[in-house]
Structure formats: C-alpha cells, structure tokens
Amino acid sequence: RGDMKYALPFGTFLAIGIWLTWLWVRRIAGVRAAAVTTVLLATDTIFLMTNTFDWGPVALQHVLLMGGILAIQIWISNDSKKMLAIGFVLLGLGMWDKALLAWPLIGLTLASFCIFPREVFRRIRPVALGIALSSFLLGAAPLVWYNIQRPGETATANAKFTTEGFADKVTALRQTVDGTTLFGYMVYKSPGQNPRQPRTLAERLSVWISSVVPGHHRQNWMLAGWILALLCLGGLWRSTAWRPLLFLALVCGIEWAQMAFNAGTGAASHHVILMWPFPVVFIGIAFSAVSRRIPRYGLPVLAAVTAVLATGNLLNTNEYLAEFAVNGGSGGWTDAIYPLARSVEKGSASWIGLVDWGCLNALLMLHEGDLPLFLPPVPAAGVQPSAAERAALKDAIGDSSRLFIQHTDDKQMFPGVNGRFREAAAAVGYEENVSRVIRDRNGRPVFELFRFARAGP
C-alpha cells in the first residue's frame, strides 16, 4: 500500500554496482587500476548518499549500466553471443527503469566510434546488430510501447536545448565531485535554536571525529584527484592507457554536456551522479598507469595517494553524519515528518491536501497508505487560472472538513508555492486559518496545518 518503490534493498544494489565496476575495470585496465577505482568509489560520499537516500533508484540504474557494459566487454573478449544478448537486455531494462540512462549510453556510443573506430566497425556485423537491437528492445519493451502509444513523448517532453543556468550546472558538477553539494540541502549547516545532542554511539563517535580532526571536512579532495589525473593524461599518450583514458574523458564530457544544455537537468547532484562511475574509473586508470612508470616506488606512491583521497572521502562522509546528528536533516529529510504524521491520524480530516512537494511518500509510508491525501490545484508561476481551474480550486478548498499541509514560507521546497496558493484562494473568496505549526527536533518551524474559511467582507 502506498508508494513502496523505495523499499527495495538499495544497499545491496550499491554493493553490486561497485563489484561490477571492479570486474569491468579489472578487465580493461588490470587489478591495480580496479583496486584504486573500487576504493575511491566505495568511499565517495555523494555516490554513496545519492544511492542510499531519496535517489535510491539510481543504485539500480548503476547496476544495470555496469552489468550491461561488463557483459558486452566479455562478448568483445570471447565473442559470446549470449553475453551480447544479456548486456543489451540489461541496458534496455536500464532505459525502462530511468530513461536518463540515455546520457551514458550516448556518451559510450559516440566515444567508442571516436576512440576505437576500427574495433567498432569490425564488430558491427548483421548477426551481432540483430542480437543487440532485439535484446535492447526486449529489455526496454514497456518504454518502447509507451512511446508508440504516445509518439516519442519520452524525448519530446524532456529534451529541450538551453544554455540557461549553465553556470549553476558547472557549480553542481564541482560540488558533486568535491562532496559539498548536499550540505544545506540534505542537512542543515547550523544547529538552530535547540542543538541536538548525539544519542547513539555512532553519533557520538562521528561528532568526536569531526571535532578532533582539524577543519570541518565539508569538502573532500577528489577535485584535486581529478585535476591530477588530467595532468597525468599528457604524460601517458604513448602508453596503453592513453586510449582508454581519452575514451573515459570523452564519455564524461558528452554525458555532462547532455544534461548541461538541456532544460531542467544538470543543476543538482542527482543528475550529475549519473556520470558515475566513469569519473572515478578515469582517476583509477590514470594513477595506476603513472605508477607503473615509476620504478620501485610506483606501487607505494599509488597506495599513499589512494589512501589520502579515500581518507578525504571518509572524513567528508563523517561530517555529514556529524551534522545530521547535531543540526538535523533539512528539506525532504526533516525529522519534523514524525510529529507531522502523528498530528494527522486517520479520521482527523475528510481529505488532507499537500500544497508542496516533500512529504507525500513519507506520510504514505508512515500511515501504510491509509491517509486520504490529495494534491490541490496550485496555479503555476506566472499563469492565471482559467474559470474551470478556479472552479476546481473552490471545490477543493470549500469543504471546511478538509485539512491542508504546507511548509513554512522559509522551508518551501518549491519557492513561492504557498503564496500562489493563498492568492488563488483569496481570488475565490477564501483565506487560510493556520491551526498548528510542526517543528523539528531542533525547534525549527517546518510545517503548517491549516483549513480554509470564507474571507470576511
């Protein structure tokens, strides 16, 4: 009951995705590169958090992508048509799961033609093409059928070229790499009026580590790792690692360009992280290739550099845990959801309208789908409601037995939604009467419960 899509074992998917990455990198670049990649990927804070929290389905996408790539790599090695079919079925399933898988698939395809043209054309044969296409269509069959019924809607509704917000997308890329992107978004940067005390052993240990290690590690050192790996690229042009590294750089560039020049994508970490694990694989292969060129000391230097970057990742993760413990979760991760759920028990209202995004699935889960929730018609920004829309709004708010929930104005997930709802209600003769304010454990006002009443003359 309710939306239980997020109840899947994402931790298991995360572990499988990392394991598949290890297998793939070991095949294309050796054990040394695979080990570095695995250590850095398994400690990458934003990769771990976006695969664990709200964007849990990303974990499944990483599994399907890496499983498909690994199967295709095995086909390339031993010409197994079975592995070719499995690989493209997995990629098709990935497209059905999340159509944004098209970003890495387009990147991989174009980069393959640019960097490995002879190998690609040697492999393009009628039988192989037939197996690949039919397997991909089989995996993506529900998505294909949807786009037949609604001709091309997946692309036409979501692909819109724009340069608007490009600077913000560059910032989102940098902050995803350096681990800062979720501070202030997922966890508050300050403790509020009533700082929480760490309660569990894990919380106390996390807060202690944060206090004794110099500096608050809201930033890891992976950006420096990326820059260093790019610098290494220039010194590796005659090595066997040159083409794989150029291939990975091109994959990352093409993938990011697709989100950077598309409307509504690329400005947040849950899109940027879809480039992973390729940026980390790039670092792993570059560092391992350079280490092989350093006689005697290459392996110890590689281990030391990897350990430093992994330590930065772990300290970054620990800082998130410490600030969760003391400052509390923000946005859709607020602990105010629990007192909110207790305040709207079944029977407290005929219907409960949710004005803003961010609490629907949580309330459904906490009440096992039993709450009578609905989404009232809130006018879009800059749009004047039609007569029919005003009538629908009046019908939605005119029943005094209906209760409404909104974030306080400073906590709105979609800025301005409260004001638009109030203005639209006032236009049809109603005003809000706030009955209760719900606070989080740090004392911050987060939610407001209210009903509508006829506005006075």
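Residues numbered from 1 in each chain as written. Predicted model: local features only at pLDDT ≥ 70, side-chain atom pairs only at ≥ 80, totals over all residues. Heavy atoms only, no water.

> Can you tell me about the nonpolar core, naming the residues and giving the values?
Nonpolar side chains tend to gather and get buried jointly when the protein is soluble and globular. With 80 residues, the main nonpolar core has Trp24, Leu65, Trp276 and Phe278 as its most contacted residues. The next biggest cluster of nonpolar side chains, apart from the first, holds 19 residues, and it includes Ala341, Cys359, Leu364 and Phe447. (Core = buried A, V, L, I, M, F, W, Y, C linked by side-chain atoms within 4.5 Å. Buried < 20%, exposed > 50% of the residue type's maximum accessible area, 1.4 Å probe, protein only.)

> Got a sec to walk through the sheet that holds strand β5 (residues 445–454)? Specific residues and values, please.
Strand order across the open sheet formed by 5 strands is β2-β1-β3-β5-β4, with mixed pairing between neighbours. Pairing within the sheet leaves two strands with one partner each, and these edge strands are β2 (373–374) and β4 (430–439). As paired strands, strand β1 (residues 352–354) and strand β3 (residues 403–407) are joined by 3 bridges and run parallel to one another. By the bridge assignment for β3, Gly353 is matched with Phe404. (Pairing = 2+ DSSP bridges. Helix = DSSP H or I, 4+ residues; strand = E, 2+ residues; numbered from the N terminus.)

> Tell me about a positive patch on the surface, and please be specific about residues and values.
A cluster of basic residues, Arg199, Arg342, Arg436 and Arg441, forms a positive patch at the surface. Mapped onto the secondary structure, Arg441 falls in the loop between β4 and β5. Accessibility expressed as a relative area gives 41% for Arg441, which makes it partly exposed. (Patch = residues over 30% accessible without salt bridge, like charges linked within 9 Å, V, L, I, M, F, W, Y side chains within 5 Å. Areas by Shrake-Rupley, 256 points an atom, 1.4 Å probe, with all protein chains shown as cover. Salt bridge = Lys/Arg side-chain N within 4 Å of Asp/Glu carboxyl O. Lys, Arg positive; Asp, Glu negative; His and termini not counted. Charge placed at Lys NZ, Arg CZ, Asp CG, Glu CD.)

> Give a description of the pattern of salt bridges that names residues and reports values.
Any two side chains of opposite charge can pair, on the condition that their charged atoms come close. A full pass over the atoms with the stated rule returns 10 salt bridges. For Arg123, the salt bridge is made with Asp79, and the minimal N-O distance between the two is 3.6 Å. With Arg123 in helix α7 (residues 117–123) and Asp79 in the loop between α4 (57–78) and α5 (81–97), the pair connects residues that are 44 residues apart, well separated along the chain. Residue Asp79 is classed as partly exposed on the basis of its relative accessible area of 42%. Where Arg444 meets Asp440, a salt bridge forms, and the shortest distance between an N and an O atom there is 3.0 Å. Residue classification places Arg444 among the buried positions, given a relative accessible area of 9%.

> Go over the pairing of β3, please, and point to the residues and values.
With 5 of its 5 residues buried, β3 lies for the most part within the structure. Burial along β3 is two-sided: Leu403, Ile405 and His407 and Phe404 and Gln406, pointing in opposite directions, are all buried. Bridge count for β3 against β5 is 4 bridges, and the pairing is antiparallel. Looking at the pairing, His407 lines up with Phe447 of β5.

> Tell me about the packing of helix α11 (residues 166–178) against helix α14 (residues 242–260), residues and numbers included.
Remark: α11 packs on α14, axes separated minimally by 10 Å, with the N-to-C direction vectors making an angle of 135°. With respect to α14, the axis of α11 lies oblique. α11 and α14 meet at a crossing whose hand is right-handed. Contacts between α11 and α14 involve Phe166, Lys169, Val170 and Leu173 from the first element and Trp256, Met259 and Ala260 from the second. A per-class count over the contact of α11 with α14 returns 6 nonpolar, no polar and 1 charged. (Axes fitted to C-alpha atoms, helices over the stretch in contact; angles between N-to-C directions. Parallel < 35°, antiparallel > 145°, perpendicular 65-115°, else oblique. Left-handed = near helix turned anticlockwise from the far one by under 90°. Contact = heavy atoms within 4.5 Å. Nonpolar A, V, L, I, M, F, W, Y, C, P; charged D, E, K, R; others polar.)

Remember, this is a structural readout, not a statement about activity or role.
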